[in-house]
Amino acid sequence: MNRSTTIMTVASVAVGGVLAYAVYFDYKRRTDANFRKQLRKEKKRVKQSQSQTPSESAQTATEGVDANDLRSALESVRNEEVPAGPEEKEQYFMKQVGIGEQLCAKGPVYHLSAAMCFYRALRVYPSPVELVVIYEKTVPPPVFQLVMELTNLDVKDRVEGYYTFFPPKAMNVAVETINVPDGKGATMSKKVLVVTKDFEAGEVIYQEDPIVAVLDADLQGKGTHCSYCLRQIQNDPIRPESDRLHSVYCSSDCQTQHNAHSQTLLFTLQSPLPAAIAPEMKGAQREERENAQKAFVEYLIQTKRAAPELVARFVARQVSAETAKMLPRGILPGVASEPVLTDGGEYSLYDHLERLRYLEVNPADHETRVLKDVLQTALPGLEQFLTEDRHATFIGKMSYNSYGVYFGEGRGDKPDTAARPENAEKTRTPCGTSKQIGTGFYAVSSYISHNCAPSAKPVFPTGTAQLQLMATRALKKGDEITVAYVDVLQHSEETPEVARRRRRMELARGWRFACSCKRCAEEGFEGEIEEGGDESKVEDVVTRGRDIPPPVQVNSITSAGIQLADGLILPSACIFLDGKVFLWNVPSHLWDGWGREHLSVFETAVPKPEILVFGTGRRMELPPPSIRGYLKEMGIQLDIMDTRNACSTYNLLAEEGRRVAAALLPYTPRPWRS
């Protein structure tokens, strides 16, 4: 593993949270002789295994092991304590693999116990997909199948069991699913927040710190408010010597936290990684990074919108969060603790974001490019994670879920926006977006729905971006929490009809739904026809737990062709896309005569897959640069491997709810119409 390979692993941070362990892995590889020796041993073992003829008729994994056995085994492993530090995880990993190998040698009676050992090792490995590939080549087929059964069962539980852990019970709220009008005469399923105990009017239900927060553009760098906590600064602010965004801080603690979370990666020339493992940055690289940051800051100043900066800081905070978890203690000082968002479970910041509703938006043509340049010049490879589709989804999530931070009754000196009313950025601010001093993204509060007669109100009594949710009326256990996304008061110069029209227009422009609350219905005109529905959406991972068929999956690859999970055998090349499988007409010789037309199906896919797993037959054969470049133009990450491993990788990523496609070539080339 060279340095560029290690740094490119950063691209998976938001999907699997593997950045920091990959960096630590490289650090150990360069500094620990015993670690390098063990790596050489493992590589030699895998190479020997690859030279052997793979069995194409693996024994059925679950012989003698029923579903209850698998469930009991999974629960047993889950209840075990996982080592916290990277060095402890490394030792744990080696120990479990060693025990698993010994149990394999004892015969079928010990297969489930062996699989549990390999599964324990998989839980702490930085890149699970890579380890699955190694397992498939080195672990006896019956044991490997059991490992995959445990993995798939765990993934299914993680997707469906998320709300068992989120939000923390100490916050006195829970997420429930209800059916609400969709504005088109039908209903839609929606997640809402309810209280788990009684509250009186004026009581604080919970408090929540933002995952990311930004100042309004007109206040940034003015020295009046802290760039991290958004507090109004009373004394002389702290001004960093080098900071592209001209940030200021109310305290050294805020400066340290901001640097660790996102500022260093996005707006300084310092490495976001510790000095011991940071790649050396030469003169040309520094200049390139500086130019990328300048372009991004100019874009932020020009647009005066919070969402692009929120997205950038969210991506950077993921890097910080995973790095802090995995690096040796003391190697990365000054890192703030992460928000406690679950009672147990192993969920990353991305797990919380991907379950939220969002609006379909179209960022400016070069918005994705300027942010990708910042990421690429800071940590080469990180930019591959930010495809155009994913960036648009992130912007849509921030636009739909963010709250305005305001103090007291709000400010009255915010400059008017030059944007058209329908294009002006909106936040959930009960006194109106024009009264806020900044914007924050809050994981739990994102689940609160709007109501023009709200049951709660977000307030900021500490003078910082910490949100406190205060009940505005008595609430009983199980009652839904609602807030006002806009100013719902009737002002002295307004009639009830004018006030109603104003707030409903703001809701339609900012969140694209026609409010159907009781107050709107009572204040409406008799016979009034409501137009428009709720245009917000959710990602596939949210719907995966419902009664929706899972994507088509591969059962095995044999000389006869590619066998699907339902037993159907496809003898020729095929593409797995958007949960379906298609026959694929390709040249008979790999890469000979291949052109863009053979992959043009991905141009018409909406949304496009984030990852294309390409199986090239019995052996991995790298594609010509033109093929890889064509897919990169579409924002699709290409992973090349032999077809057997491509099948396993596709199955695993599809089960996790990822936007993944597979292009699979059979062992024996056959015409697609045979």
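For clarity, every value in this text was computed on a predicted model and none was experimentally measured.

*Asks:* Looking at this structure, how should I read the overall build of the chain?
*Replies:* Counting its regular elements, the chain contains 21 helices and 18 strands. Looking at the chain residue by residue over its 674 residues, the buried ones come to 52%. Of the roughly 31300 Å² of accessible surface on the chain, a fraction of 49% belongs to carbon and sulfur atoms.

*Asks:* It is not clear to me how the environment of His225 should be interpreted in this structure. Could you clarify?
*Replies:* With respect to the secondary-structure elements, His225 resides in the loop between strand E4 (212–215) and helix H11 (252–267). Spatially, the C-alpha atom of His225 lies 8.7 Å from that of Ile437, the residues being 212 residues apart in sequence. Those residues within four positions of His225 in sequence are excluded, and the remaining contacts are Leu215, Leu219, Leu230, Arg231, Gln232, Ile233, Val248, Phe407 and Ile437. One polar contact links His225 to Thr224, side chain to side chain, over a distance of 2.9 Å.

*Asks:* Sorry, what's going on with the pairing of strand E18 (residues 660–664) here?
*Replies:* In the case of a regular strand, side chains alternate between the two sheet surfaces. Extensive coverage of E18 is indicated by the burial of 5 of its 5 residues. Side chains Val660, Ala662 and Leu664 of E18 all project onto a buried face; the interleaved residues Ala661 and Ala663 project onto the opposite face, where all are buried too. Where strand E14 (residues 574–577) and E18 come together, 3 bridges link them in antiparallel fashion. Following the sheet pairing, Phe576 is matched in E18 by Ala662. Two strands pair when backbone bridges link them, and strand E16 (residues 611–615) and E18 are joined in this way by 5 bridges, in the parallel orientation. Note that in E18 the partner of Gly615 across the bridge is Leu664.

*Asks:* Looking at this structure, I do not really get the environment of Glu203. What am I missing?
*Replies:* Tracing the backbone shows Glu203 in the loop between strand E2 (187–195) and strand E3 (204–208). With 272 residues separating them along the chain, Glu203 and Leu475 place their C-alpha atoms 10.0 Å apart. Residue contacts for Glu203: discarding those within four places in its chain leaves Asp198, Leu469, Met470 and Ala471.

*Asks:* How should I be thinking about the packing of aromatic side chains in this particular structure?
*Replies:* Ring pairs (aromatic) are described by centroid distance and by the angle formed between their planes. Within this structure, the stated rule accounts for 23 aromatic pairs. An angle of 65° between the planes, with centres 5.2 Å apart, marks the rings of Phe118 and Tyr135 as edge-to-face. Taken together, the residues Phe118 in helix H7 (residues 111–124) and Tyr135 in helix H8 (residues 128–138) connect sequence positions 17 residues apart. Tyr135 shares its class with Phe118; the two are buried. Here the aromatic residues Tyr162, Tyr163, Phe165, Phe166, Tyr347 and Tyr447 are joined through ring pairs into a cluster of three or more. Note that Arg355 overlies the ring of Tyr162, its terminal NZ or CZ placed 4.1 Å from the centroid.

Rules used throughout
- Residues numbered from 1 in each chain as written.
- Predicted model: local features only at pLDDT ≥ 70, side-chain atom pairs only at ≥ 80, totals over all residues.
- Heavy atoms only, no water.
- Helix = DSSP H or I, 4+ residues; strand = E, 2+ residues; numbered from the N terminus.
- Buried < 20%, exposed > 50% of the residue type's maximum accessible area, 1.4 Å probe, protein only.
- Areas by Shrake-Rupley, 256 points an atom, 1.4 Å probe, with all protein chains shown as cover.
- Contact = heavy atoms within 4.5 Å.
- Polar contact = N/O pair within 3.5 Å; in protein donor to acceptor, adjacent residues only side chain to side chain.
- Pairing = 2+ DSSP bridges.
- Phe/Tyr/Trp six-rings, centres within 6.5 Å; stacked < 30°, edge-to-face > 60°.
- Lys NZ or Arg CZ within 6 Å of the ring centre and 35° of its normal.

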